[in-house]
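Structural overview for review
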Amino acid sequence: MKAYHSHILRNLLFLKDFLSMGSQNLFALNRPAFIKKSATVPIKKSRKIGRKTLIWLDDRIDPLEKKMDWLAFSPIGRDVNIIWLKEIIEFQTWIHTNGLPDAICFDYDLSNSFNGLDCAEVLIDYCYNHQLLPPQWSSHSTNPEGKARINRLLKNYLILAKRMNFKSFTD
């Protein structure tokens, strides 16, 4: 029970510190040095009419595999343009080049030394620097602890972004 209370206290202190930092970038504190900072890139709002964009972040699972219906994990349905990315650098490059997708499906365990949580931090960094709410997300990871960590991080940011009146990228 003690560990649970310290975890809640840590999250509350994190939000308090975040709100007090103002314009400083809190999410850059724990990030490896070679991951680029968010550049001021114009956000592309032009989307193909009718189909939304889904980023599928996984190093081994093909979202269009016939043996399994992986698109059941999509938060925006199956009729989507799928962008299959396998590592953090591809993810970061795509976000900085194209802006936010309509949704992202995260896997926690990626092949390199980074994981889905690192990608979620890149997403939050981008959204914070552009004062945006995150896109819809889900996690198809078989790692329950990793899946929970991604969801918790994004939910905490969503609460904070709404409190700061950030806008959706579609506004």
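Residues numbered from 1 in each chain as written. Predicted model: local features only at pLDDT ≥ 70, side-chain atom pairs only at ≥ 80, totals over all residues. Heavy atoms only, no water.

1. Notes on the overall build of the chain
Spelled out, the test is: Where helices and strands are cited, they refer to DSSP runs of H or I of at least four residues and of E of at least two residues respectively, numbered from the N terminus. Exposure is judged per residue with a 1.4 Å probe applied to protein chains only, and the accessible area is read against the type maximum: over 50% gives exposed, under 20% gives buried, and values in between give partly exposed. We call two residues in contact when some of their heavy atoms are within 4.5 Å.
Broken down by element type, the chain carries four helices and four strands. Evaluated residue by residue, the chain yields a buried proportion of 44% over its 171 residues. For the chain, the share of sequence-separated contacts (at least 6 apart) that also reach a separation of at least 24 residues comes to 77%.

2. Quick look at helix H4 (residues 144-163)
The condition is simple: The span one expects for a helix is its residue count, reduced by one, times 1.5 Å. Polar contact is the term for a pair of N or O atoms within 3.5 Å; when the atoms are in protein, one must be able to donate a hydrogen and the other to accept it, and sequence-neighboring residues count only if both atoms are side-chain atoms.
Taking 1.5 Å of rise per residue, 20 residues should cover 28 Å, and H4 covers 28 Å from first to last C-alpha, within 8% of that figure. Residues of H4 that are buried: Gly 146, Ile 150, Asn 151, Leu 153, Leu 154, Asn 156, Tyr 157, Leu 160 and Ala 161. Its side-chain oxygen 3.2 Å from the backbone nitrogen of Glu 145, Asn 143 forms the N-cap of H4. Backbone geometry just after H4 places Asn 165 at a positive phi near 60°.

3. A short note on unusual backbone geometry
For Gln 131, which is not a glycine, the phi torsion comes out positive at approximately 50°. Structurally, the position occupied by Gln 131 is in the loop between helix H3 (116-129) and strand S4 (136-139). Non-glycine residue Asn 165 carries a positive phi angle of around 60°. Structurally, the position occupied by Asn 165 is in the segment after H4.

4. Quick notes on the pattern of salt bridges
Basically, it comes down to this: Only one rule defines a salt bridge in this text: a Lys or Arg side-chain nitrogen within 4 Å of an Asp or Glu carboxyl oxygen.
Taken as a whole, this structure holds two salt bridges when the rule is applied. The salt bridge partner of Asp 79 is Arg 51, with a shortest N-O separation of 3.1 Å. Within this pair, whereas Asp 79 is found in the loop between strand S1 (52-57) and strand S2 (80-85), its partner Arg 51 is found in the loop between helix H1 (2-21) and S1, the two being separated by 28 residues in sequence. On the accessibility criterion, Arg 51 (37% relative accessible area) is partly exposed. With a closest N to O distance of 2.3 Å, Arg 78 and Asp 69 form a salt bridge. On the basis of relative accessibility, which here comes to 39%, the residue Asp 69 falls in the partly exposed class.

5. Brief notes about the packing of H3 against H4
Using the following cut-off: Between the N-to-C directions of two axes lies an angle of 0 to 180 degrees, each axis being a line fitted to C-alpha atoms and, for a helix, fitted only over the stretch in contact. Roughly parallel refers to an angle under 35 degrees, roughly antiparallel to one over 145, roughly perpendicular to one between 65 and 115, and oblique to any angle outside these ranges.
Between H3 and H4, the least distance of the axes is 9 Å, while the angle of their chain directions is 10°. The angle between the axes of H3 and H4 places the two elements in the roughly parallel class. Taken together, the residues of H4 that come into contact with H3 (itself represented by Gly 116, Leu 117, Ala 120, Glu 121, Leu 123, Ile 124, Cys 127 and Tyr 128) are Arg 149, Ile 150, Leu 153, Leu 154 and Tyr 157.

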